[in-house]
Amino acid sequence: MFEKLLTNSNEIPNLRTAIVITMPDCLLYDSWSKGESSWSVEDAAGYFGDLVRANRRGLQSVGAWSADMQITIESADALLLLRELDEHFVCCAVFERSTPLGMARLQLKMLLDRVRASLPDLGVEERSRGVRIMEFLERYAPDPHAVLLRMATRTGIPLEKLRDPASLGDEQVQAVEEAAKRILGLEQLHI
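To start, this report covers the structure provided alongside it. (Residues numbered from 1 in each chain as written. Predicted model: local features only at pLDDT ≥ 70, side-chain atom pairs only at ≥ 80, totals over all residues. Heavy atoms only, no water.)

**A few points about the pattern of salt bridges**
A side chain with one charge may pair with a side chain of the opposite charge, provided their charged atoms come close. We count it as follows: Whenever Lys or Arg places a side-chain nitrogen within 4 Å of a carboxyl oxygen from Asp or Glu, that contact is recorded as a salt bridge. Put simply, DSSP H or I for four residues or longer makes a helix, DSSP E for two residues or longer makes a strand, and each gets a number counted from the N terminus.
Taken as a whole and judged by the stated rule, the model has six salt bridges. Among the ionic pairs, Asp113 bridges to Lys109, the shortest N-O distance being 3.4 Å. Of the two residues, Asp113 and Lys109 are both situated in helix α3 (residues 101-118); the distance of four residues between them amounts to about one turn of the helix.

**Overview of the side chain of Thr99**
So the rule is basically this: Using a 1.4 Å probe on the protein chains alone, a residue whose accessible area is under 20% of its type maximum counts as buried, one over 50% counts as exposed, and one in between counts as partly exposed. By the convention used here, residues are in contact when the closest approach between their heavy atoms is within 4.5 Å.
You can see Thr99 is positioned in the loop between β5 (89-96) and α3. The class for Thr99 is buried, based on a relative accessible area of 4%. Those residues in contact with Thr99 that lie beyond four places of it in its chain are Asn14, Leu79 and Ala104.

**Overview of helix α2 (residues 41-61)**
Operational definition: Working rule for helices: expected span equals 1.5 Å times residues minus one.
End to end, α2 covers 30 Å across 21 residues, agreeing with the expected 30 Å (1.5 Å per residue, within 8%). Every buried residue of α2 is listed here: Val41, Ala44, Ala45, Gly46, Phe48, Gly49, Val52, Arg53, Arg56 and Gln60. Looking one or two places after α2, you find Gly63, whose phi comes out positive at around 70°.

**With respect to the sheet that holds strand β4 (residues 78-86)**
Defined as follows: When DSSP locates at least two bridges between a pair of strands, those strands are taken to pair. A fitted line through C-alpha atoms serves as each axis, taken over the contacting stretch for helices, and the angle formed by two N-to-C directions is quoted from 0 to 180°.
Taken in spatial order, the five strands line up as β2-β1-β5-β4-β3 in an open sheet, and their pairing is antiparallel. Here the strands that pair on one side only, and so sit at the sheet edges, are β2 (27-33) and β3 (70-74). Averaged over all pairs of adjacent strands, the angle between strand axes in this sheet comes to 15°, irrespective of strand direction. When strand β1 (residues 15-22) meets β5, the two strands line up antiparallel, connected through seven bridges. Looking across to β5, one finds that Ala18 is bridged to Ala93. The strands that α3 touches are β1, β3, β4 and β5; relative to β4, the one it contacts most, it runs at about 35°.

**Some details on the packing of helix α4 (residues 129-140) against helix α7 (residues 170-184)**
Going by this rule: Under this scheme an angle from 65 to 115 degrees is roughly perpendicular, one under 35 degrees roughly parallel, and one over 145 degrees roughly antiparallel; angles in between are oblique. Crossing handedness follows the turn of the near helix against the far one: under a right angle anticlockwise gives a left-handed crossing, and clockwise gives a right-handed one.
Where α4 meets α7, the closest approach of the two axes is 10 Å, and the angle between their N-to-C directions is 15°. With respect to each other, α4 and α7 are oriented roughly parallel. As α4 packs across α7, the resulting crossing turns out to be left-handed. Of α7, the residues touching α4 (which contributes Arg129, Gly130, Ile133, Met134, Phe136, Leu137 and Tyr140) are Val173, Val176, Glu177, Ala180, Ile183 and Leu184.

**What to know about the nonpolar core**
How we decide: Only buried residues count toward a nonpolar core. Its members are Ala, Val, Leu, Ile, Met, Phe, Trp, Tyr and Cys residues joined through side-chain atoms within 4.5 Å.
Leu137, Met151, Val176, Leu184 and Leu189 are the most contacted members of the largest nonpolar core, which has 20 residues in total. When contributions to this core are tallied by element, the ones reaching two or more residues are α4, α5 (147-155) and α7. With sequence-adjacent residues up to four places away left out, Leu189 is seen in contact with Ile133, Phe136, Glu177, Ala180, Lys181 and Leu184.

Here you go:
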């Protein structure tokens, strides 16, 4: 994908590396680098995906939920910007440290417009609302390993049924949505 998008590396001159990460599993989807790097892009994808997930939880804990979040990391060697493209993908752009922050944000916006158009449509509409709610909850819940138990306790729906959210009836989906909002401390689920 990036090979087609960044045919001329001088288009975004200060960009060193661009990584697209799948969410919620934090796996490398695609990457581009201006030169050889001494670090593993696959490892970085996992760490950056986890960082986005942790920042979401941090925002939730202080009641500052935002559907449009950007993470900026400034180190002595690099300037990193991470941004969610949609519920399935995150982009991390690594710029030269000398890049002014405003310029990096502008260059990232230009890149993201092209990246979004190149990503596959994962058929959000094809999945039932119950499936999307459970995926959202597993992605953002404070304790994703215990989310099914919490959901079963709050809704009275058996675990076997929650493991197959596509089989939930309309009333059960409504109960799951209400419980998810309480667990996440949100008024609305952005799915």
